[in-house]
Amino acid sequence: MTRVSIIDDYIKHGWSLVPIPKGTKGPRHAGWNTREAALQGAGNLSEDYGVGLAHAYSGTMAFDIDDWELTKAHGIDIDLLYSAEDAVTIHSGKFGRGKLLYKMPLGLVLPTKKISVGKTTAFELRCG
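Not measured: the values here are computed from a predicted model.

Observations regarding a nonpolar patch on the surface
A cluster of nonpolar side chains, contributed by Met 1, Ile 6 and Tyr 10, occupies part of the molecular surface with about 330 Å² of accessible area. Looking at the element boundaries, Ile 6 is found in helix H1 (residues 3-12). Under the relative-accessibility criterion, Ile 6 is labelled partly exposed at 32%.

Re the pattern of salt bridges
Applying the stated criterion across every chain, the model contains 6 salt bridges. The shortest N-O distance in the salt bridge between Glu 124 and Arg 126 comes to 2.8 Å. The exposure class of Glu 124 is buried, given its relative accessible area of 10%. When salt bridges with common partners are traced through the structure, they connect Asp 64, Lys 99, Glu 124 and Arg 126 into a single cluster.

Description of the environment of Met 104
As for its placement among the helices and strands, Met 104 is situated in the loop between strand S5 (98-103) and strand S6 (113-117). C-alpha of Met 104 to C-alpha of His 55: the two residues are 49 residues apart in sequence and 9.0 Å apart in space. The residues touching Met 104, leaving out its near neighbours within four places in the chain, are Gly 59, Thr 60, Met 61, Leu 110 and Cys 127.

Some thoughts on the pairing of strand S7 (residues 120-126)
When strand S3 (residues 60-65) meets S7, the two strands line up antiparallel, connected through 4 bridges. Opposite Ile 65, over in S7, you have Phe 123 as the bridge partner. Of the strand pairs in this sheet, S6 and S7 are connected by 5 bridges, and their pairing is antiparallel. For Lys 114, the partnering residue across the bridge sits in S7 and is Glu 124. Counting the residues between successive antiparallel strands, the hairpin from S6 to S7 contains 2 residues, one of them, Gly 118, with a positive phi of roughly 65°.

Parameters at a glance
- Residues numbered from 1 in each chain as written.
- Predicted model: local features only at pLDDT ≥ 70, side-chain atom pairs only at ≥ 80, totals over all residues.
- Heavy atoms only, no water.
- Patch = residues over 30% accessible without salt bridge, like charges linked within 9 Å, V, L, I, M, F, W, Y side chains within 5 Å.
- Areas by Shrake-Rupley, 256 points an atom, 1.4 Å probe, with all protein chains shown as cover.
- Salt bridge = Lys/Arg side-chain N within 4 Å of Asp/Glu carboxyl O.
- Helix = DSSP H or I, 4+ residues; strand = E, 2+ residues; numbered from the N terminus.
- Buried < 20%, exposed > 50% of the residue type's maximum accessible area, 1.4 Å probe, protein only.
- Contact = heavy atoms within 4.5 Å.
- Pairing = 2+ DSSP bridges.

Listed below in structure tokens is the structure:
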């Protein structure tokens, strides 16, 4: 599969994707978080851009783990969550980090919740 076909498949699946400039962790342009800013197809995306999932318009949420051990210290069995047969995971490539994606009930969008210990983020729940 090509990059274009994968992006187009995600859009056909009903996910809203937003462009993310190379070398950054998120969108940078004004209005990126509006439904109108979502890509209509991979043909609208410059080669030097990646994509991000707009959870509010995709019916999804991310359990974003920034520190595996701190998250476990909160009583969350992330080993069990990651090993679930139906788990949808994103591996960041960095030790002790990762994401799990979940489907949200139709129309439910919650604010982001960040859990930190001191100045270290353990995890975030991202829905909006």
